[in-house]
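Understanding the architecture of this molecule
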Amino acid sequence: MGLKIWLDTGLVDEKDARISVFDHGLLYGDGVFEGIRVYDGNVFELDAHIKRLFESARAIRLSMPITRNELVAAVETTVKANGMGDGYIRLVVTRGVGCLGLNPFACEKSMLVIIADKVQLYPEELYEKGMKVISATTVRNHPLALPPQVKSLNYLNNILAKIEALDNDVPEAIMYNHEGYVAEATGDNIFIVKNSVIYAPPVEAGSLEGITRAVVIRLARHEGLDIIEKNLTRYDLYVCDEFFLTGTAAEVIGVVEIDGRTIGDGTPGPITRLLREKFFEYARGKE
Ligand code: PMP
């Protein structure tokens, strides 16, 4: 039996979950999305994800097809219909069906899709050992081109950097902004630790305002750790003591090598391990 997918106004069987080839989400990557975790049937940080989705839509002048409350109910209905314990929800809102031509206002009505499925995690071994990354040559989108805070359906910028990573046999690439400062990984936010202080690039350096990032900052402060948001350079990454990434799918994962330089002793450091554990407890222990 296939999944139940929310399509437009209600649930349909997976085999019937189809959208038009004239949908501008397909033709132009015109739309927004969210990825959300479900832990033991509880949707993690749903309000924050819905807020970010509505803000992304507002930034690109996309009218949402339903209200926030209706969307919360639709998400919960989809999770229940699929009997989901642990999993991952993909919320997609496209500009909808239009004609060949960019004009978004010629599209009839935006289209909502909600998929509740399994999440693709990195193998457990990678969390133990830590991952290797490279610096991408692909520069993160200029904020005046496509603001990185918009979680849009147009991920080509990130995909080009991801290809660089895969060509180098590593799972992730670090992206820098047009000024050369660290922005983010292709699907995760970045943190480093130097002399027991945690540093994160500010969102304005060109990253998505990660919901995992915000939770990890709160948890770190709660643990009494110093955490400073400031612009970071490639050099800062090369000489840091610890390095980790955060994201909905990845949660908290240590980085142990960048561009052939070993980070710390080559294993995920103590602050990385502590925050991974605290995040795990917080996410799974929450109602
Ligand atoms: N940056 C990018 C480009 C992302 O796509 C994501 C989400 N996968 C993140 C950062 C992390 O954000 P969040 O913690 O909200 O998943």
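Scroll up a little and you will see the structure.
The paragraphs below set out a description of the structure included in this document.

Criteria and thresholds
Residues numbered from 1 in each chain as written. Predicted model: local features only at pLDDT ≥ 70, side-chain atom pairs only at ≥ 80, totals over all residues. Heavy atoms only, no water. Helix = DSSP H or I, 4+ residues; strand = E, 2+ residues; numbered from the N terminus. Rg over C-alpha atoms; globule rule 2.2 N^0.38 Å. Buried < 20%, exposed > 50% of the residue type's maximum accessible area, 1.4 Å probe, protein only. Contact = heavy atoms within 4.5 Å. Areas by Shrake-Rupley, 256 points an atom, 1.4 Å probe, with all protein chains shown as cover. Lys, Arg positive; Asp, Glu negative; His and termini not counted. Charge placed at Lys NZ, Arg CZ, Asp CG, Glu CD. Near = heavy atom within 4 Å. Polar contact = N/O pair within 3.5 Å; in protein donor to acceptor, adjacent residues only side chain to side chain. Nonpolar A, V, L, I, M, F, W, Y, C, P; charged D, E, K, R; others polar. Core = buried A, V, L, I, M, F, W, Y, C linked by side-chain atoms within 4.5 Å.

Turning our attention to the overall build of the chain. Along its length, the chain carries eight helices and 15 strands. What you see for the chain is a C-alpha radius of gyration of 19 Å, in line with the 19 Å of a compact globule of 287 residues. Taking the principal axes of its C-alpha atoms as reference, the chain extends roughly 55 × 40 × 30 Å. Scored against the burial criterion, the 287 residues of the chain give a buried share of 51%. Restricting the contact set of the chain to residue pairs at least 6 apart, pairs at least 24 apart contribute 69%. Total accessible area on the chain stands at roughly 13,900 Å², and carbon and sulfur atoms take up 53% of it. Looking at the chain, you have 31 positive and 41 negative side-chain charges, and the mean spots of the two groups are 2 Å apart.

Looking at the ligand, there are 16 residues lining it, with Tyr 155, Glu 184, Ile 211, Thr 212 and Thr 248 nearest. In the model, an oxygen atom of the ligand is placed 3.2 Å from a nitrogen or oxygen of the Lys 151 side chain. In the model, a nitrogen atom of the ligand is placed 3.0 Å from a nitrogen or oxygen of the Gly 187 main chain. Listed by contribution, the elements that provide at least two residues to the shell around the ligand are helix 6 (211–222) and strand 13 (242–247). Grouping the amino acids of the shell around the ligand by side-chain chemistry returns three nonpolar, nine polar and four charged.

Mapping Ser 56 onto the fold places it in helix 2 (residues 46–59). For Ser 56, the side chain forms a polar contact with the main-chain nitrogen of Lys 151, separated by 3.0 Å. In contact with Ser 56, other than residues within four places in its own chain, are Val 32, Gln 149, Val 150 and Lys 151.

Counting residues in each nonpolar core, the largest one holds 26 residues, and the members touching the most others are Val 43, Leu 71, Val 75, Ile 89, Leu 91, Leu 112 and Ile 114. Of all the secondary-structure elements, those providing two or more residues to this core are strand 3 (31–39), helix 2, helix 3 (68–81), strand 5 (87–94) and strand 6 (111–117). Not counting residues up to four positions away in its chain, the partners in contact with Val 75 are Val 43, Leu 46, Ile 89, Leu 91 and Ile 114. Within the second largest apolar cluster, 24 residues are counted, among which are Tyr 127, Phe 243, Leu 245 and Ile 263.

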